[in-house]
Amino acid sequence: MKEIQKLSIGLLLVTVAICLFAFQKEEVPQNVLNTFTKMFPTAKKNDWSKESDTEWEVEFHLKGVAYSANFLTDGTWQETEHEIKKNSIPKNIMNIISTEFPNYKIEEAEISETNDRMVYEFEIEKGEVEMEITITKEGHIIKKEERHEENEKK
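Residues numbered from 1 in each chain as written. Predicted model: local features only at pLDDT ≥ 70, side-chain atom pairs only at ≥ 80, totals over all residues. Heavy atoms only, no water.

**Some points on the nonpolar core**
Short version of the rule: We define the nonpolar core as a collection of buried residues of types Ala, Val, Leu, Ile, Met, Phe, Trp, Tyr and Cys that are connected through side-chain atoms lying within 4.5 Å of one another. For the exposure calls, accessible area comes from a 1.4 Å probe over protein chains only, and a residue counts as buried if that area is under 20% of its type's maximum, exposed if over 50%, partly exposed in between. Counting from the N terminus, the helices are the DSSP runs of H or I reaching at least four residues and the strands are the DSSP runs of E reaching at least two.
Among the nonpolar cores identified, the biggest contains 18 residues, and Phe122, Ile124 and Ile133 are the most heavily contacted of them. Of all the secondary structure elements, the ones that give two or more residues to this core are helix H3 (91–100), strand E5 (105–113), strand E6 (118–126) and strand E7 (129–136). If you look at the next biggest cluster of nonpolar residues, it comprises 14 residues, including Val28, Phe36, Trp56 and Leu62.

Here it is as structure tokens:
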């Protein structure tokens, strides 16, 4: 009986060790940290995650606003996004939304910046239909993706 207990305890310890190793967080590369610190020296509450073998994402706060930024493992910045309030959306962009998507309600609004451009990204909703749209600052719709919510009645 004691041998079964010893074996059980040993198996438990091995299982715990494997789990700890599997969930061990990989360290953010120094190149990535250096670029992030240069770009956002006053960032608070930095929460890093590995998006892929070559990309890292950090969620952080600047002046009370939630941001996310993506970097390649060599430190190259890819994109920064942050939510904006509806009253911060430019009038020309609001006019496009109300004209092209009448009766849709804005659920979420973000600004996305890359080396190439700055765009507005929205999640909008009308009844059971949800859409993700992307509009350039000049007012061109460059993405329009519709999703339908499924009614689940129990």
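**Some remarks on unusual backbone geometry**
Note: most peptide bonds trans; most residues except glycine with negative phi. Positive phi is not limited to glycine here, since Lys45 has a value of about 55°. Mapped onto the secondary structure, Lys45 falls in strand E1 (residues 44–50). A relative accessible area of 66% means that Lys45 is categorised as exposed.

**Here we look at the confidence of the model for the protein**
So the rule is basically this: Confidence of the predictor at the level of single residues is given by pLDDT, which spans 0 to 100. Between two residues, a contact is recorded if the distance between any of their heavy atoms is within 4.5 Å.
With 79% of its residues at a pLDDT of at least 70, the protein reaches an overall mean of 86. Counted against residues more than four places away or in other chains, residues 16–24, with its pLDDT under 50, gives 0 contacts.

**Concerning the environment of Ile142**
When you line up the elements, Ile142 lands in strand E8 (residues 141–148). Assessed through its relative accessible area of 40%, Ile142 is described here as partly exposed. Residues Ile142 and Val119, spaced 23 residues apart in sequence, show a C-alpha to C-alpha distance of 9.2 Å. The residues touching Ile142, leaving out its near neighbours within four places in the chain, are Arg117, Val119, Thr134 and Thr136.

**Digging into the pattern of salt bridges**
Two side chains that carry opposite charge are able to pair once their charged atoms sit near each other. Selection rule: Within this document, salt bridges are pairs made up of a side-chain nitrogen of Lys or Arg and a carboxyl oxygen of Asp or Glu, the two lying within 4 Å of each other.
Scanning all chains against the criterion turns up 2 salt bridges. Here Glu26 makes a salt bridge to Lys50, at a shortest N to O gap of 3.0 Å. Taken together, the residues span a long stretch of sequence, with Glu26 in the loop between helix H1 (2–22) and helix H2 (30–39) and Lys50 in strand E1 at a distance of 24 residues. We classify Lys50 as partly exposed; its relative accessible area is 34%.

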